[in-house]
Amino acid sequence: MLTRAIAYSLIVLFSALLIFQVLLALGAPLGVAAWGGEYRVLPNNLRIGSLVSAAICGAAILLVLEKVGLVKLIKRPKVI
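Computed from a predicted structure; not experimentally measured.

Structural notes on the overall build of the protein
- When its secondary structure is counted, the protein shows two helices and zero strands.
- Relative to the globule expectation of 12 Å for 80 residues, the C-alpha radius of gyration of the protein, 16 Å, shows a markedly less compact shape.
- Along the first, second and third principal axes, the C-alpha set of the protein runs to 55 × 25 × 15 Å.
- In the protein, which comprises 80 residues, the share counted as buried stands at 26%.
- In the protein, 42% of the contacts between residues at least 6 apart in sequence involve partners at least 24 apart.

Structure, rendered in structure tokens:
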């Protein structure tokens with residue numbers, strides 16, 4: 001089971017990555033730090049890839065929050 005300190009660290013890490021990917025998708029000139037560094041501003045196909053990456057990071061954040069019990073996303077049946 002994840003400890004809360006590890007969970008919060010993962011949430012911060014995934015949040016930073018999510019923000020970075022959203023900025024890339026919006027056209028921020030950060031492309032030299034991502035996707036091989038070939039473009040300063042990403043072309044449309046890589047912007048879509050950044051949006052997909054941001055969605056995956058968002059899902060990872062929700063899974064970590066669920067695992068430590070801070071968010072209840074999955075309804076579990078009660079055991080008799």
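Looking at the nonpolar core
- Listed in full, the six residues of the largest apolar core are Ala7, Ile11, Ile61, Val64, Leu65 and Val68.
- Looking at this core, the element that brings in the most residues is helix H2 (residues 44-67), giving three residues.
- Beyond its immediate sequence surroundings of up to four residues, Ile61 is in contact with Ile11, Phe14, Ser15 and Leu18.

Side note on the environment of Ile56
- Its place among the elements puts Ile56 in helix H2.
- Among the residues examined, Ile56 registers a relative accessible area of 56% and is labelled exposed.

Looking at unusual backbone geometry
- Although it is not a glycine, Trp35 adopts a positive phi angle of roughly 55 degrees.
- Structurally, the position occupied by Trp35 is in the loop between helix H1 (4-25) and H2.

Remarks on H1
- When the terminal C-alpha atoms of H1 are compared, their 31 Å separation across 22 residues agrees well with the 32 Å that a helix rising 1.5 Å per residue should span.
- Listed in full, the buried residues belonging to H1 are Ala7, Ile11, Gln21, Leu24 and Ala25. For H1, the arc enclosing every buried residue in end-on projection is 150 degrees, short of the 170-degree limit, so these residues lie on one face. Those residues of H1 that are exposed and aimed more than 90 degrees away from the buried face are Ala5, Val12 and Leu13.

The rules behind these values
- Residues numbered from 1 in each chain as written.
- Predicted model: local features only at pLDDT ≥ 70, side-chain atom pairs only at ≥ 80, totals over all residues.
- Heavy atoms only, no water.
- Helix = DSSP H or I, 4+ residues; strand = E, 2+ residues; numbered from the N terminus.
- Rg over C-alpha atoms; globule rule 2.2 N^0.38 Å.
- Buried < 20%, exposed > 50% of the residue type's maximum accessible area, 1.4 Å probe, protein only.
- Contact = heavy atoms within 4.5 Å.
- Core = buried A, V, L, I, M, F, W, Y, C linked by side-chain atoms within 4.5 Å.
- Expected span 1.5 Å × (residues − 1).
- Arc of directions from axis to C-beta.

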